[in-house]
There are 4 protein chains.
Amino acid sequence: MTQTPLNVAIIGMGKWGQTLVNSVQGLSESIRFVAGATRTVSKAAAFAERQGIEILPDLAAVLARDDIQGVVLATPHSQHREQIEAAAAAGKHIFSEKPLTLTGPDAVAAYAAAEKAGVVLALGHNRRFLPAYAKFSHLVREEIGSLRQLIGNFSSGVAGYAADSWRSDPAESPAGGMTGLGIHVVDAMIGLGLQASEVTVVNRRKADHGMADTVTALIETVDGPVAVLTTVAGPGRYWRIEAFGSNGWATMNGEHSVTFGRAGAPEQIWNFAWTDMERAELEAFADAVSGTAPYPIDAEQGVRGVRLFEAICRAALDAPGGRASREVAQG
Amino acid sequence: MTQTPLNVAIIGMGKWGQTLVNSVQGLSESIRFVAGATRTVSKAAAFAERQGIEILPDLAAVLARDDIQGVVLATPHSQHREQIEAAAAAGKHIFSEKPLTLTGPDAVAAYAAAEKAGVVLALGHNRRFLPAYAKFSHLVREEIGSLRQLIGNFSSGVAGYAADSWRSDPAESPAGGMTGLGIHVVDAMIGLGLQASEVTVVNRRKADHGMADTVTALIETVDGPVAVLTTVAGPGRYWRIEAFGSNGWATMNGEHSVTFGRAGAPEQIWNFAWTDMERAELEAFADAVSGTAPYPIDAEQGVRGVRLFEAICRAALDAPGGRASREVAQG
Amino acid sequence: MTQTPLNVAIIGMGKWGQTLVNSVQGLSESIRFVAGATRTVSKAAAFAERQGIEILPDLAAVLARDDIQGVVLATPHSQHREQIEAAAAAGKHIFSEKPLTLTGPDAVAAYAAAEKAGVVLALGHNRRFLPAYAKFSHLVREEIGSLRQLIGNFSSGVAGYAADSWRSDPAESPAGGMTGLGIHVVDAMIGLGLQASEVTVVNRRKADHGMADTVTALIETVDGPVAVLTTVAGPGRYWRIEAFGSNGWATMNGEHSVTFGRAGAPEQIWNFAWTDMERAELEAFADAVSGTAPYPIDAEQGVRGVRLFEAICRAALDAPGGRASREVAQG
Amino acid sequence: MTQTPLNVAIIGMGKWGQTLVNSVQGLSESIRFVAGATRTVSKAAAFAERQGIEILPDLAAVLARDDIQGVVLATPHSQHREQIEAAAAAGKHIFSEKPLTLTGPDAVAAYAAAEKAGVVLALGHNRRFLPAYAKFSHLVREEIGSLRQLIGNFSSGVAGYAADSWRSDPAESPAGGMTGLGIHVVDAMIGLGLQASEVTVVNRRKADHGMADTVTALIETVDGPVAVLTTVAGPGRYWRIEAFGSNGWATMNGEHSVTFGRAGAPEQIWNFAWTDMERAELEAFADAVSGTAPYPIDAEQGVRGVRLFEAICRAALDAPGGRASREVAQG
């Protein structure tokens, strides 16, 4: 058991780091941000003042503080493994934004470090915490029969990132929309039990920002369903997962609505009230630390997600001139 | 100009043939069924009596009748070419159910026969005649910017056909759900201008009826969008086409609803009143015969649709043990 | 038991009479129209020829025919009672369009005549036969707790009737939209068990056609819910019934969708497939004649509906200059 | 011009007062809560600590502070007038929760006090700030023609208030759901230009908590539309406004969706993204103080709303034993 609320520091105070803080600060009884560290302090000073957050020089300074029990990483993906290992070694609990790491071995090492240190490593897949996802998942597992096909799209209204953002660096975003968008679809499918064997990917680059912006992936499994993951950067916000089974189908339409259909019956829709999914994932992190409930994404799922993500990115990069490329996957 | 109403005969009076008759008989001022021919007369006798249709021995007997100006083919796909050639030679206009033929050369020959005889050859893709498709098509061409991705699914509540139906014959349904379901998605995409270069297909057979029931196709184009076609036989009725462009997205949700989204604006939905799409396509056939308006699916689109369908079926059949197979397409 | 199909005649072959015929002719196995009578034969001749209906001189000629077992009345409302009495006396079953009659005593007499003759008198409230209404009714009775409030609106896209239509006659349409629109809401509420004690009505006349086109009625009951009925002629098609109970609420949204809500749970929606409600009511009439199932609207409900309708119309006519008027109701 | 952010104090730190603070604290750049006063300090202490708010003894202590520029009133309705007059006299800007006051004369006095002091008096009708309301209002004014009928329902999932809440006091909630629920519908209608002449109200009391929980009001106007306001406490959250005009209709469905219909065209729906309406109204208050934009609810609308509210409450209280009562209105 740990004291309530859990005192944490935000590492990386860019736009997303601020969103995470805003989701709980003053609003949650189980978690609060007391400190932070970031590359460009000037960009975060007004925000930190408004939210009552002490800015520390760097991660090391955060880890040295006894009154801080955990860190929340909203840093470049390639730094996650090293930061997780350092935080774990310092006995701090860790919440890391997705993707956890860019390679399977890094993911394995990160979870191993947390396990060795006996700290929580929570992976920040916010959509896992939507009531609509829970309902959708239930329908897929219990109501639609044997799963045949799984189709997911997450597109955005942003065609690319600012040139000076680390997110524009191909080393951080190896296959365009995959790190910011497709990774969410990967996790949604992992959460439904998908175990990929091969992926065939077409990767297109059309917009001016130079990043790949249209990823289309056909995902095979040995015994399970065939899956399709698609993502486009630019057209506008879109989130949808479709599952087709032997006796019915279910879809998650945006973040708050689920539909279920089967032969001979009316379509059924559940519309959920808006909830703050970032608050939900951070409070789930606090609950895992306090021992109230385990974090819903375990090491096995976390690693499997990174491996499938990595296979899609590798196929995307191998694809010659926008043609399809097929790779073995271990997701 | 031809007399009104257009007098036609139904060839093939199974379930679908009856649906076509029911959609206009007594209800349309431009077309009516006066005769019919079918393999098993006993199954259609009560229906024919109810709808005032004279049953003739065979197609030849129909073509010999001067008071019949056109034929409507709801016969096995593999017979279409020969029946179209015979009808054209007899100077009869032809409405043919989809797929027009099972191979590209047969499609070319069918259109050539009609052109030579100066008769109309209308292809029965009923969803082309939905007001919602017209709206969707407009959004795709005019509102969403450069098209990046096109995703379409048509699934059904029927896991397979009766054992004694010609539709159960693999020679008539070479890739399971493709002839009954996927072909509609193919045509919807052809109608939006898709020109396929390669297809990668995974084809699964799970249900007891022995037919392939889960088709997943990744469709590449040279310069255009990447497309995905999926279909599952069994889970329940489902029709959805999604288009993602550089500036927006649009979806056709079922047969009567269309949604449009773009960054920074509310989602917009148009819900259309129910219309009878079979009546619409048959009256469009009558209009094409009378010269009122050309039939919206021309020979070029009709042939392109068959070629893409054929490429998907070929890839599906080549796919070893449910794994992905890639083929060149000419759709 | 009666022979199948039931042979009936359509009395009144205007637009609505034709709609009734079209809904079953050639399509139903349990009922068919073999004859008809109408005021202006010239307007119905082409239709009758298309649907294979013999036009007879008048109702008396229809009633004299032994091969006709029932009549379907789509005639002016004020004629219904007399026609029902004549048909019943001739031993014919009767399906009557709504409103059954314009006064309570006429309704009582009509049902009495049918009962005395031992024939079926079926009242044509098509919306009763919608699967969505059945679901809505179930939710209201079983799921939302004690009923507190009932609100219903049926509006149309037609601001008025053609000047030469009998529907334009104030004697036939005493309170504007009530006979064509509001009566449906009345029956939907009667079907849910509403027993009115007083009505307060505001009646407005705005459009050029001179008919009252905006009816707003507050309906009180002794122990049951408070109800509101509203109808506007002109703005566009709209059908919605809302029920608020002690533990939940339910709405019928258009003809094919139902929503259910309660505190602390997601909204649930059921979307039903399109069905032909006129075919459903006419086949239910045939089923009642053959003894397969009783017609769902019995004499008690039918009379109660006319009485509530009559009270609303009386209040509407009494309302001075568009102000509210309150009347006792016996619905 | 005033300094940014606007420093304000929350008066009344119950559940709703806390909701208002939470909507902007740390999140808004234009307004922040620096202090507060409340009846039962013990209930708000943890909240105040979390949100960095200094608790002062009472309103007088707040008004004495030079660093506080405005007050936000979430206090019992009957105290608003006096508190507004005191705050205005102290030169503080005022944001008051609805209802502004319980009587017309009090509302007039409150606005007069603010005007005399040259301070902003902003009325907290949060739904005015929904993008969906703006769209709905535009449709009603510009697209549906002459307005005929206006129907609004706001129901809740709470059957009553805690016995020790001031909201349970009949002096504060004279007609049950009217102060918490119906007042929002009143304002939505006032915002659309409604000018009531009479109201007829049925008021029912069914739930155990002793408060009237079912209000049904028929609202007449001299030349404008007929309106209906309904509200039920208990069944579950429900918000819907329907407007019927001579050429079309529009509805606001919940807080984020709007539908528009007219004859011969598909229904059009706009689904808006979730926004925080309390943040929006408080930032609009700050904008009014800074002179950026006038507050959208002016004194004339504010007074008109209270008068209509008062007339409905008076009719509700006069209604004998749950029967209808009619009163003159000046809304």
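Quick caveat, the model's predicted, so the values are computed rather than measured.

### Focus: the overall build of chain A
Okay, so step 1: A count of helical and extended segments in chain A gives nine helices and 15 strands.
Okay, so step 2: Against the globule reference of 20 Å for 331 residues, chain A gives a C-alpha radius of gyration of 20 Å, in line with a compact fold.
Okay, so step 3: Going through the 331 residues of chain A one by one, you find that 64% of them count as buried.
Okay, so step 4: In chain A, the proportion of contacts linking residues at least 24 apart, taken out of those at least 6 apart, comes to 70%.
Okay, so step 5: Counting 28 positive and 35 negative side-chain charges, chain A places the averaged centre of each group 4 Å from the other.

### Here we look at the interface of chain B and chain A
Okay, so step 1: In this assembly, 51 residues from chain B lie in contact with 51 residues from chain A.
Okay, so step 2: Where chain B abuts chain A, roughly 3600 Å² becomes buried across the two surfaces, and 53% of that area is made up of carbon and sulfur atoms.
Okay, so step 3: When residues of chain B are sorted by the area they lose upon contact with chain A, B:Arg148, B:Pro235 and B:Tyr238 head the list and together hold 17% of the total.
Okay, so step 4: For the pair chain B and chain A, the number of links is six salt bridges.
Okay, so step 5: A salt bridge links B:Asp213 to A:Arg148; the shortest N-O distance between them is 3.1 Å.
Okay, so step 6: Secondary structure elements with two or more residues in the side of chain B that touches chain A: β7 (147-155), β8 (196-204), β9 (214-221), β10 (226-232), β11 (238-245) and β12 (249-253) of chain B.

### Re the domain arrangement of chain A
Residues and elements named next belong to chain A.
Okay, so step 1: Domains assigned within chain A are domain 1 (6-127) and domain 2 (128-277 + 306-328).
Okay, so step 2: Computed from C-alpha atoms alone, the centre-to-centre distance between domain 1 and domain 2 is 26 Å.
Okay, so step 3: On the side of domain 2, 25 residues touch domain 1, which itself brings 21 residues to the contact.
Okay, so step 4: Across the domain 1/domain 2 interface, buried area totals approximately 2000 Å², and carbon plus sulfur atoms make up 56% of it.
Okay, so step 5: The three residues of domain 1 that bury the most area against domain 2 are Leu102, His125 and Arg127, which together make up 41% of that side's buried surface.
Okay, so step 6: Run the count over domain 1 and domain 2 and you get two salt bridges.
Okay, so step 7: Lys43 is paired through a salt bridge with Asp164; the nearest N and O atoms lie 3.9 Å apart.
Okay, so step 8: Here domain 1 and domain 2 share ten residue pairs in polar contact (both at pLDDT 80 or more) between them.
Okay, so step 9: Secondary structure elements with two or more residues in the side of domain 1 that touches domain 2: α1 (15-24) and α5 (104-117).
Okay, so step 10: The element contributing the most residues to the side of domain 1 that touches domain 2 is α5, with three residues.
Okay, so step 11: Its residues placed into classes, the side of domain 1 that touches domain 2 shows eight nonpolar, nine polar and four charged.

### Focus: the packing of aromatic side chains
The relative placement of two aromatic rings is captured by the distance of their centres and the angle of their planes.
Okay, so step 1: Counting across every chain of the model gives 22 aromatic pairs over all chains.
Okay, so step 2: Here the aromatic rings of A:Phe154 and A:Trp239 are separated by 5.2 Å at their centres, their planes lie at 85 degrees, and the arrangement is edge-to-face. A residue pair is termed long-range when its members are at least 10 positions apart, and A:Phe154 in strand β7 (residues 147-155) and A:Trp239 in strand β11 (residues 238-245) qualify at 85 residues. In terms of burial, A:Phe154 and A:Trp239 fall into one category: buried.
Okay, so step 3: The interplanar angle of 5 degrees and the centroid separation of 3.6 Å between the aromatic rings of B:Trp274 and C:Trp274 together place this pair among those described as stacked. In this pair, B:Trp274 sits in the loop between β14 (267-271) and α8 (277-290) while C:Trp274 sits in the loop between β14 (267-271) and α8 (277-290), so the two residues belong to two different chains.
Okay, so step 4: Given a relative accessible area of 38%, C:Trp274 falls into the partly exposed group.

### Describing the sheet that holds strand β3 (residues 54-55) of chain A
All names here are of chain A.
Okay, so step 1: Across the sheet, which stays open at both edges, the six strands sit in the order β3-β2-β1-β4-β5-β6 with parallel pairing between neighbours. Looking along the sheet, the strands with just one partner apiece sit at the ends: β3 and β6 (121-124).
Okay, so step 2: Two elements, strand β5 (residues 93-97) and β6, share four bridges in a ladder whose sense is parallel. Considered in β6, the bridge of Ser96 is made with Leu123.
Okay, so step 3: Set on the sheet, helix α4 (residues 80-89) makes contact with β4 (70-73), β5 and β6; between it and β5 the angle comes to about 165 degrees.

### Here's the deal with helix α1 (residues 15-24) of chain D
All names here are of chain D.
Okay, so step 1: Regarding α1, the residues found buried are Gly17, Gln18, Leu20, Val21, Ser23 and Val24.
Okay, so step 2: The inward-facing, buried residues of α1 contact β1 (6-11), β2 (31-37), α2 (45-51), β4 (70-73), β5 (93-97) and α8 (277-290).
Okay, so step 3: Residue Gly26 follows α1 closely and has a positive phi angle near 80 degrees.

### Concerning the interface of chain C and chain B
Okay, so step 1: If you look at the interface, chain C gives eleven residues, while chain B gives eleven residues.
Okay, so step 2: When chain C packs against chain B, close to 910 Å² is buried across both sides, 50% of that on carbon and sulfur atoms.
Okay, so step 3: On the chain C side of the interface with chain B, the three residues burying the most area are C:Gly26, C:Arg50 and C:Trp274, jointly 52% of the side's total.
Okay, so step 4: Counting every contact that joins chain C to chain B gives two salt bridges.
Okay, so step 5: There are four residue pairs in polar contact (both at pLDDT 80 or more) connecting chain C and chain B.
Okay, so step 6: The biggest single contributor to the side of chain C that touches chain B is helix α2 (residues 45-51) of chain C, with three residues.

### Structural notes on the relation of the copies chain B and chain A
Okay, so step 1: When chain B is fitted to chain A, the residual RMSD is 0.0 Å, and the transformation amounts to a turn of 180 degrees plus an axial shift of 0.0 Å. Expressed as a symmetry operation, the mapping of one chain copy onto the other fits a two-fold axis. Taking C-alpha positions as reference, the residue of chain B nearest the rotation axis is B:Leu218, located at 3.5 Å.
Okay, so step 2: The share of interface residues of chain B whose copies in chain A are also at the interface is 100%, consistent with both copies meeting through the same surface.

### Some points on the pattern of salt bridges
Okay, so step 1: Under the counting rule described, the total for this entry stands at 68 salt bridges over all chains.
Okay, so step 2: A salt bridge links A:Arg81 to A:Glu85, with the nearest nitrogen and oxygen atoms 3.1 Å apart. In this pair, A:Arg81 and A:Glu85 are both assigned in helix α4, four residues apart and thus about one turn of the helix distant.
Okay, so step 3: A network of salt bridges, in which partner residues are shared, links A:Glu198, A:Glu220, A:Arg326 and B:Arg323.

### Overview of the relation of the copies chain C and chain B
Okay, so step 1: By a simple turn and slide, chain C fits onto chain B: the slide is 0.0 Å along the axis, the RMSD is 0.0 Å, and the turn is 180 degrees.
Okay, so step 2: Same-surface contact between copies: 100% of interface residues of chain C are shared with the interface of chain B.

### A short note on the UniProt feature "domain: Gfo/Idh/MocA-like oxidoreductase N-terminal" (unreviewed entry) in chain A
Okay, so step 1: With numbering aligned to this structure, UniProt lists the feature "domain: Gfo/Idh/MocA-like oxidoreductase N-terminal" (unreviewed entry) at residues 6-125 of chain A.
Okay, so step 2: Secondary structure over residues 6-125 of chain A splits into 38% helix and 23% strand, and the C-alpha atoms at its two ends are 20 Å apart.

### Considering the pairing of strand β9 (residues 214-221) of chain C
Residue and element names in this part refer to chain C.
Okay, so step 1: Of all eight residues making up β9, eight are buried, and the element is well covered by its neighbours.
Okay, so step 2: Residues of β9 alternate between two faces, with Thr214, Thr216, Leu218 and Glu220 on one and Val215, Ala217, Ile219 and Thr221 on the opposite face, all of them buried.
Okay, so step 3: Where strand β8 (residues 196-204) meets β9, eight bridges bridge the pair, whose relative direction is antiparallel. The residue bridging Glu198 from the neighbouring strand is Glu220, located in β9.

About the thresholds
- Residues numbered from 1 in each chain as written.
- Chains lettered and ligands numbered in written order.
- Predicted model: local features only at pLDDT ≥ 70, side-chain atom pairs only at ≥ 80, totals over all residues.
- Heavy atoms only, no water.
- Helix = DSSP H or I, 4+ residues; strand = E, 2+ residues; numbered from the N terminus.
- Rg over C-alpha atoms; globule rule 2.2 N^0.38 Å.
- Buried < 20%, exposed > 50% of the residue type's maximum accessible area, 1.4 Å probe, protein only.
- Contact = heavy atoms within 4.5 Å.
- Lys, Arg positive; Asp, Glu negative; His and termini not counted.
- Charge placed at Lys NZ, Arg CZ, Asp CG, Glu CD.
- Buried area = accessible area lost by both parts, 1.4 Å probe.
- Salt bridge = Lys/Arg side-chain N within 4 Å of Asp/Glu carboxyl O.
- Domains from an automatic or database assignment.
- Polar contact = N/O pair within 3.5 Å; in protein donor to acceptor, adjacent residues only side chain to side chain.
- Nonpolar A, V, L, I, M, F, W, Y, C, P; charged D, E, K, R; others polar.
- Phe/Tyr/Trp six-rings, centres within 6.5 Å; stacked < 30°, edge-to-face > 60°.
- Pairing = 2+ DSSP bridges.
- Axes fitted to C-alpha atoms, helices over the stretch in contact; angles between N-to-C directions.
- Least-squares fit on C-alpha atoms with pLDDT ≥ 70 in both.
- UniProt positions renumbered as here; feature names shortened; annotations may be inferred.

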